[in-house]
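Fold and geometry: a report
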Amino acid sequence: MEIPYTVKPRPDTGLYNAKLGIWLFLASEVMLFGALFSSYVLLRVGAEPGTWSMGLMDLLVGAGNTMVLIASSMFVVLAWAELKQGNLAGYKKWKWATIACAVLFLFVKWGYEWPSKFKHYDVWLNNATVLQEKFDEGYHEVASHGEHGDAAHGADVEKYVKKIYTTRFFKEESKDSQLAFDDAWRNGTLALSGHINAYEEAQIDVRITGWKADAGVSEDAADEALVKQLAKQDTEDAAGLRLNGGYLREKTDYDTAKRAEYALGQAGFTVALSVAGYKRVEAHPWMWRTKRVTEDIGGKPRVSSIVFELDDSHHKGIITLNAGDIKRLSAYEPKHSTFFGIYYTITGLHAAHVFGGILIMLYNMLPIGLGLWHRDREQFTNRIESFGLFWHFVDLVWIFLFPILYIL
Amino acid sequence: MSDSHDSPTIPNLIKKFYFVGGVLVIGTIITFVIDIMFALPLALAAVLGLLIALVKASFVVAIFMHYKWDKKLIWITWTMVLTFFFFAGMMGLIMWAEGDVPKLDSALAISTGTNEMPTIWIILASLLGVALPASFTVFTVKMLSQPAPVEAAAPKARRTAKKKS
């Protein structure tokens, strides 16, 4: 079937069909993004002072990405202008430039901005006393290392924390920010923000304490399940363990222990996990949640303590936090707060549009897409124009997102 | 070539594209500089930031999306304008319900002697809500109910080409 009005405008609408279609699509997109924008605005104005953490955004990165998207929006319209003049080589040149900009945009967003947030934490402590003690402790720890010993003291660390708090929620220091900070400091609701440099991870002993013959699992099947969980897969050991109990594994890691506990539970065994000791791990873990640290294993936490480096403290504010003192811990992921929830929703939807745009552009650069150029130049030009309309819209969304997310 | 534009020649257009590109870059730089140089109260920053964004957006729509030469898009314009009013009305109502932003209570109390929202406002806002889907429906029905006209009826002849530099 031939599609009508791919080149000539349809008399009653005055537009070729694809253009009308893409504009209608954009009208629906306006409503989609409009709903999210209005949600953002309402959440923003409804937020209590000291809860909207937009000060965390890196303005320079945001502005840079805006420039990249503006450039891509220009290139895409220049590519269309080249086609209008019958210049396919010129089209390809500008189109590749557009694709390069789009890829750069996504790379900055998905390769830098988001991942760096997933490694960045807020920690809330159980009470104000713990919080205040930690500052002295931070001082002692740094002082004992001998570095910056004379420069750093408890008040300094407090200063860093205050600076972070102020830029984050209020941007500038003011009476309001001072009041809010004092309040948070006194009642212990202040979150420490920074990176986890290292942590003490539990080494777990897995012990078999019994086996229920009436659980509906045959002895052979139970032994088989047991063998699978043994470090050395020996059948002789299995029967002994089933009858007498004993250690299945010693000082193993959490995942192995939990897997064994589950599989053996299914086979009728009762299994006890206990923490034999802690091993220090030097790493910057991603997307940890409170439970990842405080989960109870035979009466002890999975992570006994974390070494936490406060933001902007230039290695001076390094403190050790015990699992027992931590009320909540969260990376800057969507569940962190309302701000991050809506931030990831909106930028994620926008990034998905950019990603889709890249796929369409690639299609229009490949022989399969370019075939249309050789069959019908005007239709191909119109197709590129329609895509351009979509791409400008994506740019438009970002033009509004930039001030809203990075500045307000 | 195609189409419904009485658009300027391509080289002329390309010049405009570069101009708009410049406007967008400068707009971004202004936003950036204002943010780091001045500590503005949130409301002012919001108005200023969104105003600059609005100017940038208008240039993109008018020139990059050559809306300026696609006057035939009047139906879509109409739909978008209605969308905007609907959106603004809805936001206004919700913010009012929020109770604090914007603070219109006292002004309302002085002018009407009551804190209640006048019923007519609610009716008008609801009508806007009806008008939007209705305009879509009318438009779609209008489009689909007509048989595709015969080729000969080219509308372009009716229009005199306006000169745009």
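Rules of the game
Along each chain, the written sequence defines residue order, and numbers are assigned to residues from 1. Numbering of ligands from 1 and lettering of chains from A proceed in the order in which they are written. Selection of residues for local features in this predicted model requires a pLDDT of at least 70, selection of side-chain atom pairs for listing and counting requires 80 or more, and totals for whole chains, interfaces and linings are taken over all residues. Secondary structure follows DSSP: runs of H or I at least 4 residues long count as helices, runs of E at least 2 residues long count as strands, and numbering of each begins at the N terminus. Three exposure classes are used, based on other C-beta atoms lying within 10 Å of a residue's own C-beta, which is placed from the backbone: buried for 20 or more, exposed for 12 or fewer, and partly exposed in between. A pair of residues counts as a contact when their C-beta atoms, built from backbone coordinates, are separated by no more than 7 Å. We call two strands paired when DSSP finds no fewer than two bridges between them. Domain delimitation in this document rests on an assignment produced automatically or drawn from a domain database. In this count, Pro and Cys sit with the nonpolar residues alongside Ala, Val, Leu, Ile, Met, Phe, Trp and Tyr, while Asp, Glu, Lys and Arg are called charged and the others, Gly among them, polar. Residue-level confidence of the predictor is what pLDDT reports, using numbers from 0 through 100. Joined through C-beta atoms within 7 Å, a set of buried Ala, Val, Leu, Ile, Met, Phe, Trp, Tyr and Cys residues constitutes a nonpolar core. Here the expected length of a helix is defined as 1.5 Å per residue gap, with one fewer gap than residues.

Let's talk about the overall build of chain B
- Within chain B one finds 5 helices and 0 strands.
- In sequence order, the secondary structure elements of chain B are arranged as α-α-α-α-α.
- Per-residue burial for chain B yields a buried fraction of 17% across its 165 residues.
- Long-range contacts, defined here as pairs at least 24 residues apart, represent 71% of the contacts in chain B between residues at least 6 apart.

Some details on the pairing of strand β1 (residues 121–125) of chain A
Residues and elements named next belong to chain A.
- Only one face of β1 is covered, namely the face carrying Tyr121, Val123 and Leu125; the face carrying Asp122 and Trp124 is uncovered.
- In the sheet, β1 pairs with strand β9 (residues 326–331) via 5 bridges, with the strands oriented antiparallel. Across the sheet, the residue bridging to Asp122 is Ser330, located in β9.

A look at unusual backbone geometry
Residue and element names in this part refer to chain A.
- Despite not being glycine, Tyr5 has its phi angle at roughly 55°, a positive value.
- Mapped onto the secondary structure, Tyr5 falls in the segment before α1 (17–46).
- Unlike most non-glycine residues, Met287 shows phi in positive territory, near 50°.
- With respect to the secondary-structure elements, Met287 resides in the loop between β4 (269–282) and α10 (290–294).

A few points about the domain arrangement of chain A
Residue and element names in this part refer to chain A.
- For chain A, the assigned domains are domain 1 (17–118 + 336–406) and domain 2 (123–207 + 250–329).
- The C-alpha centroid of domain 2 is placed 39 Å from the C-alpha centroid of domain 1.
- Facing the 7 residues of domain 1 at the interface are 9 residues of domain 2.
- Class assignment of the residues belonging to the side of domain 1 that touches domain 2 gives a composition of 4 nonpolar, 3 polar and no charged.

Considerations on the interface of chain A and chain B
- Chain A puts 44 residues into the contact, and the matching count from chain B is 44 residues.
- Elements supplying a minimum of two residues to the side of chain A that touches chain B: α1, α2 (59–84) and α13 (377–406) of chain A.
- Sorting elements by how many residues they give to the side of chain A that touches chain B places α2(A) first, with 11 residues.
- For the side of chain A that touches chain B, the class distribution of residues is 27 nonpolar, 10 polar and 7 charged.

Some thoughts on the confidence of the model for chain A
- Within chain A, residue pLDDT values average 85, and 91% of them lie at 70 or more.
- A low-confidence stretch, residues 142–152 of chain A stays under pLDDT 50, and its non-local contacts, those more than four residues away or across chains, total 12 contacts.

Thoughts on the confidence of the model for chain B
Residues and elements named next belong to chain B.
- For chain B, the mean per-residue pLDDT works out to 70, and 55% of the residues sit at or above 70.
- Taken element by element, chain B is modelled with least confidence in helix α4 (residues 105–112), mean pLDDT 57, and with most confidence in helix α1 (residues 10–37), mean pLDDT 89.
- Per-residue pLDDT stays below 50 along residues 156–165; that stretch engages in 4 contacts with residues further than four places along the chain or on separate chains.
- This complex was scored by the predictor with a pTM of 0.78 and an ipTM of 0.74.

Focus: the nonpolar core
- Ranked by internal contacts, the top residues of the largest apolar core, which has 100 residues, are A:Phe75, A:Val77, A:Leu78, A:Ala79, A:Val123, A:Phe308 and B:Phe17.
- Among the elements that take part in this core, α13(A) stands out by supplying 14 residues, more than any other.
- For B:Phe17, the residues in contact, after removing those within four places along its chain, are A:Met74, A:Val77, A:Leu78, B:Ile63 and B:Phe64.

Description of helix α2 (residues 42–64) of chain B
All names here are of chain B.
- With 23 residues, α2 should cover 33 Å at 1.5 Å per step; its first-to-last C-alpha distance of 31 Å lies within 8% of that length.
- For α2, the set of buried residues is Gly49, Ala53, Lys56, Phe59, Val60, Ile63 and Phe64.
- Two residues or fewer after α2 comes His66, characterised by a positive phi angle close to 35°.

Examining the environment of A:Trp96
- Looking at where A:Trp96 falls in the secondary structure, it is placed in helix α3 (residues 88–118).
- Judged by C-beta crowding, with 14 C-beta atoms within 10 Å, A:Trp96 ranks as partly exposed.

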